[in-house]
Amino acid sequence: MRYIDQRPVHPAVPVADRSFTLYAHDWRAVTLERWMEVGHLAELAGPEARPAARPRRGTGALTVLTREEFDTAVGDALAAWQRADLLARNPLLRTRLVADRGGDDPVEALRGVVTEALDALACDPRAEKYHRAVVTGLLRGAPTREAAAERLGLPLSTFRRHLSRGLERVRSFLWAMESAPQAAAPAPPVGPEPAREPRRTAASPAPRV
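Residues numbered from 1 in each chain as written. Predicted model: local features only at pLDDT ≥ 70, side-chain atom pairs only at ≥ 80, totals over all residues. Heavy atoms only, no water.

**Remarks on the environment of K129**
Summarising the element assignment, K129 is placed in helix α6 (residues 128–139). Put simply, K129 and R165 are 36 residues apart on the chain and 9.7 Å apart in space, counted from C-alpha to C-alpha. (Helix = DSSP H or I, 4+ residues; strand = E, 2+ residues; numbered from the N terminus.)

Below is the structure:
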């Protein structure tokens with residue numbers, strides 16, 4: 001199973017008096033397209049022909065983070081929004097979330113994908129207050145939570161609650177993007193069937209020209 005990049009999942013699963021090893025593939029590290037390419041070569045030429053997983057950017061492999069590590073990295077990215085040097089060390093830069101964005105500047109790719117999550121938050125009328133808390137408290141450089149709450153005209157406890165819920169929404173949005181399987185090529189749009197010319201019988205008149 002290893003030659004098609006299926007890795008054993010530990011521990012083994014006991015069933016009655018026997019144990020079974022499960023195999024799985026992490027789609028965040030190697031995409032469906034790349035996996036199919038690797039599998040095709042392995043089926044044709046054997047395991048020796050299997051190329052190594054191809055990184056998206058630079059020479060390092062993609063990083064697979066736990067949910068806790070991912071959430072911490074998102075919070076760190078927001079807190080360091082204006083510091084490109086700190087963002088350049090954020091582990092999110094080596095995840096599929098950012099690598100899929102392409103481009104020559106990974107820091108801008110990270111800012112772009114986080115901005116998408118913030119925009120999605122702003123588009124929800126029920127979450128606009130959370131968006132304002134995140135932007136004011138983290139992106140616009142308020143020196144303290146108290147100063148951010150004052151800018152928004154909110155009690156400190158209310159601001160902290162809005163900020164916490166906003167961060168939770170942003171993290172969940174980005175985690176869904178990171179952990180979702182690679183989308184397959186879209187099917188062609190289905191439109192109305194073209195009108196069919198009515199069948200003519202021997203008794204039917206020919207269409208006029």
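After that view of the structure, there is still more to cover.
**A closer look at the pattern of salt bridges**
One pass over the full model with this rule turns up seven salt bridges. The salt bridge partner of R67 is D71, with a shortest N-O separation of 2.9 Å. Taken together, the residues R67 and D71, both in helix α2 (residues 67–79) and four residues apart, mark about one turn of the helix. Look at R67 and you get partly exposed, because its relative accessible area is 32%. Look at D71 and you get buried, because its relative accessible area is 19%. Linked through salt bridges whose partners overlap, the residues forming this network are D124, R126 and R169. (Salt bridge = Lys/Arg side-chain N within 4 Å of Asp/Glu carboxyl O. Buried < 20%, exposed > 50% of the residue type's maximum accessible area, 1.4 Å probe, protein only.)

**Some words on the packing of aromatic side chains**
Within this structure, the stated rule accounts for one aromatic pair. A centroid spacing of 5.1 Å and a plane angle of 70° characterise the contact between F70 and W175, whose relative ring orientation is edge-to-face. Linking F70 in helix α2 with W175 in helix α8 (residues 156–179), this pair joins segments that are 105 residues apart in sequence. By relative accessible area, which is 18% here, W175 ends up buried. (Phe/Tyr/Trp six-rings, centres within 6.5 Å; stacked < 30°, edge-to-face > 60°.)

**Section: the confidence of the model for the protein**
Of all residues in the protein, 64% have pLDDT values of 70 or greater, and the mean over the chain is 77. In this model, residues 50–59 is a region of pLDDT below 50 whose contacts with residues beyond four sequence positions or in other chains number 26 contacts. For residues 183–191, every residue scores under 50 in pLDDT, and the model assigns this stretch zero contacts once sequence neighbours within four places are set aside. (pLDDT = per-residue confidence, 0-100. Contact = heavy atoms within 4.5 Å.)

**Quick notes on a nonpolar patch on the surface**
On the surface, V9, V13, V15, F20 and L22 cluster together into a nonpolar patch covering about 380 Å² of accessible area. At the level of elements, β1 (7–15) and β2 (18–24) are the ones that each hand at least two residues to the nonpolar patch. Considering every element that reaches the nonpolar patch, the biggest residue donor is β1, with three residues. Its location among the elements puts V13 in strand β1. (Patch = residues over 30% accessible without salt bridge, like charges linked within 9 Å, V, L, I, M, F, W, Y side chains within 5 Å. Areas by Shrake-Rupley, 256 points an atom, 1.4 Å probe, with all protein chains shown as cover.)

**A short note on α2**
Along its 13 residues, α2 runs 18 Å from first to last C-alpha, staying within 8% of the 18 Å computed at 1.5 Å per residue. Along α2, the residues classified as buried are F70, D71, A73, V74, G75, A77 and L78. Buried residues along α2 sit in contact with α3 (84–87), α4 (96–99), α5 (106–122), α6 and α8. (Expected span 1.5 Å × (residues − 1).)

**Examining the nonpolar core**
Residues F70, L78, L92, L110, V114, V170 and L174 are the most contacted members of the largest nonpolar core, which totals 37 residues. Of all the elements in the fold, those that place two or more residues in this core are α2, α4, α5, α6, α7 (145–152) and α8. Ignoring anything within four residues of it in the chain, the contact list for V170 reads V74, L78, A117, L118 and L121. (Core = buried A, V, L, I, M, F, W, Y, C linked by side-chain atoms within 4.5 Å.)

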